[in-house]
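# Results of the structural survey
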Amino acid sequence: MSDRAASLVLERLRAVEWDGEWDDVLVHVMSRRLLFREYLRRAGIWAQAYSAEAMWPFFDVVECVDPEFSLSTEVDAQLRECLGQIIYVGAVKRTCTGAVRLADYRARHPEALPDLPDPYEPLLLFYERGGAFFQDSGGFLDLTGVTVRRGTLVGRVTNPPLSSLDPALLDAVDAEGRITYYTAADRQGPLLRRRAVRSVPYDEAFGRDSLRWEPTGTQLPASPEKAAELGVVWLDEMEAAALIWAAIAEAGGAA
């Protein structure tokens, strides 16, 4: 059973288009950023649990849980073969290895693991939705189409969690353009967003009945600084994702 769990993760890694088309990757920029933020948060929780802060954010958690653990000969060979097909080094290969080893360890010793969220699932979904990431010496992470700061472990752990990893939510946040989220000042209205596509604004609301974005018919602020003028408040993308998920779950649209 343990080999099967590890093999499922290996199958997912083999299916990733590590060098996908730029346009295909850009379709998933928003969901990939949310997934990466969630990975950094979860990895921080695991690092704190095992006093492995110095190893954060890209590490093999099983090395902290059980330093003596090793994969079976067969799975280890499959992993090495899989990694050989991935041209990226360092953090990408390290997290792929960690995902396979944790799946194998969890299947063999479920009682030995703490009740913490799987650290690698958000990153596996991130890879599946557009391939790898890159990091530079200045603390920036290039997610292809958007660059973010790594931040600090404490800062990431205190961030709000991503409400769900459900495909319906991830698809709902993906859209072309630069996106800014708003809602009514009393936070009782619908979720709103302004998309700027090549300087052309599109003002939309997420319909709780239709579960899709539709034109608002009213103008939204050109920037968060102008939100108060139009009676709305700016929302962080994690807050926006929580509202989208609440609508999907209420409508029974979760997978």
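### Focus: helix α3 (residues 29-49)
Each turn of an α-helix holds 3.6 residues, which means side chains three or four residues apart point in the same direction. Under the 1.5 Å per step criterion, the end-to-end length of α3 is 30 Å for 21 residues, consistent within 8% with the ideal 30 Å. Within α3, 18 of the 21 residues are buried, which leaves the element mostly enclosed by the surrounding structure. Note on α3: the residue one or two positions beyond its end, serine 51, has a positive phi of about 50°.

### As for helix α5 (residues 73-84)
Under the 1.5 Å per step criterion, the end-to-end length of α5 is 17 Å for 12 residues, consistent within 8% with the ideal 16 Å. Among all positions in α5, only Val75, Leu79, Cys82 and Leu83 are buried. Taken down its axis, α5 places every buried residue within 95° of arc, on the same side. Pointing more than 90 degrees away from the buried face of α5 are the exposed residues Thr73, Glu74, Arg80, Glu81 and Gly84.

### Considerations on the nonpolar core
Among the nonpolar cores identified, the biggest contains 76 residues, and Trp18 and Phe133 are the most heavily contacted of them. Per-element tally for this core: the top contributor is α3, with 11 residues. When neighbours within four sequence positions are excluded, phenylalanine 133 is seen to be in contact with Phe36, Phe58, Ala91, Val92, Leu123, Phe126, Tyr127, Leu141, Asp142 and Leu143. In terms of nonpolar packing, the next biggest core, distinct from the first, is built from 6 residues, Leu192, Ala205, Leu220 and Val232 among them.

### Description of a negative patch on the surface
Together, Glu17, Glu21, Asp23 and Asp24 give the surface a local cluster of negative charge. Here glutamate 17 is to be found in the loop between α1 (2-15) and α2 (22-26). Taking the relative accessible area as the measure of exposure, glutamate 17 reaches 57% and is therefore exposed.

### Considerations on the environment of aspartate 186
As for its placement among the helices and strands, aspartate 186 is situated in the loop between β4 (178-184) and β5 (192-197). Exposure remark for aspartate 186: the relative accessible area of 51% places this residue in the exposed category. Sequence-wise, aspartate 186 and alanine 251 are 65 residues apart; in three dimensions their C-alpha atoms are separated by 23 Å. Polar contacts involving the side chain of aspartate 186 include one to the main-chain amide nitrogen of glutamine 188, which spans 2.9 Å.

So, how was this worked out
Residues numbered from 1 in each chain as written. Predicted model: local features only at pLDDT ≥ 70, side-chain atom pairs only at ≥ 80, totals over all residues. Heavy atoms only, no water. Helix = DSSP H or I, 4+ residues; strand = E, 2+ residues; numbered from the N terminus. Expected span 1.5 Å × (residues − 1). Buried < 20%, exposed > 50% of the residue type's maximum accessible area, 1.4 Å probe, protein only. Arc of directions from axis to C-beta. Core = buried A, V, L, I, M, F, W, Y, C linked by side-chain atoms within 4.5 Å. Contact = heavy atoms within 4.5 Å. Patch = residues over 30% accessible without salt bridge, like charges linked within 9 Å, V, L, I, M, F, W, Y side chains within 5 Å. Areas by Shrake-Rupley, 256 points an atom, 1.4 Å probe, with all protein chains shown as cover. Salt bridge = Lys/Arg side-chain N within 4 Å of Asp/Glu carboxyl O. Lys, Arg positive; Asp, Glu negative; His and termini not counted. Charge placed at Lys NZ, Arg CZ, Asp CG, Glu CD. Polar contact = N/O pair within 3.5 Å; in protein donor to acceptor, adjacent residues only side chain to side chain.

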